[in-house]
Amino acid sequence: MGVILDSSILVSAERQGNNARQALAALSARLGNTEIAISVITLLELAHGVARADTPERKAKRKQFIAELLTALPVHPVSAAIALRAGQMDGENQARGVRIPLADLLIGMTALELGYSVATGNVRHFQNIPGLQVIRPEGP
């Protein structure tokens, strides 16, 4: 069993002044002996945060955070199977009036496809994905 990290966990750690190694060490201590990974969508969200940084220093710090993550964690792609599963789920949810942001849906479907859970600070979106185990570790 493993866990896919949602960007909310990593953004929170970075805002608290932790580098990626510190954040991952804290998460690993809390999550126990489980593989920790990210989705390529989590990476996209973090890159978005780099682009939105309001100072050159913050931009450099966020780039470094991502570089450390990339050396420490596997990054899982959105495969055809994940895309089909997400499309099916999105259609079913919207027919019932339930909307999950596409990024969160893809992260959740990646976790389901791998048999993993999702660690997030944003439980609300992920709890609407049937069969997905959602964990909210305390902040790093």
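Residues numbered from 1 in each chain as written. Predicted model: local features only at pLDDT ≥ 70, side-chain atom pairs only at ≥ 80, totals over all residues. Heavy atoms only, no water.

(A) Layout of the overall build of the protein chain. Of the regular secondary structure elements, the protein chain holds 7 helices and 5 strands. When its helices and strands are written in sequence order, the protein chain yields β-α-α-β-α-α-β-α-α-β-α-β. Against the compact-globule benchmark of 14 Å for 140 residues, the protein chain has a radius of gyration of 15 Å, which places it among compact chains. Counting only C-alpha atoms and orienting by the principal axes, one finds that the protein chain spans roughly 45 × 35 × 25 Å. The burial tally for the protein chain puts 41% of its 140 residues in the buried class. Long-range pairs, those at least 24 residues apart, make up 69% of the contacts in the protein chain with a sequence separation of at least 6. A total of about 7,200 Å² of accessible surface is found on the protein chain, and carbon and sulfur atoms cover 53% of it. (Helix = DSSP H or I, 4+ residues; strand = E, 2+ residues; numbered from the N terminus. Rg over C-alpha atoms; globule rule 2.2 N^0.38 Å. Buried < 20%, exposed > 50% of the residue type's maximum accessible area, 1.4 Å probe, protein only. Contact = heavy atoms within 4.5 Å. Areas by Shrake-Rupley, 256 points an atom, 1.4 Å probe, with all protein chains shown as cover.)

(B) Here's a closer look at the confidence of the model for the protein chain. Per-residue pLDDT for the protein chain has a mean of 93; in total, 98% of the residues score no lower than 70. Taking the mean pLDDT of every element in the protein chain, the minimum, 91, falls on helix α7 (residues 123-126) and the maximum, 97, on strand β3 (residues 75-76). (pLDDT = per-residue confidence, 0-100.)

(C) Quick peek at a nonpolar patch on the surface. On the surface, Val-40, Leu-70, Val-75 and Val-78 cluster together to form a nonpolar patch covering roughly 250 Å² of accessible area. Within the secondary structure, Leu-70 is located in helix α4 (residues 56-72). On the accessibility criterion, Leu-70 (42% relative accessible area) is partly exposed. (Patch = residues over 30% accessible without salt bridge, like charges linked within 9 Å, V, L, I, M, F, W, Y side chains within 5 Å. Salt bridge = Lys/Arg side-chain N within 4 Å of Asp/Glu carboxyl O.)

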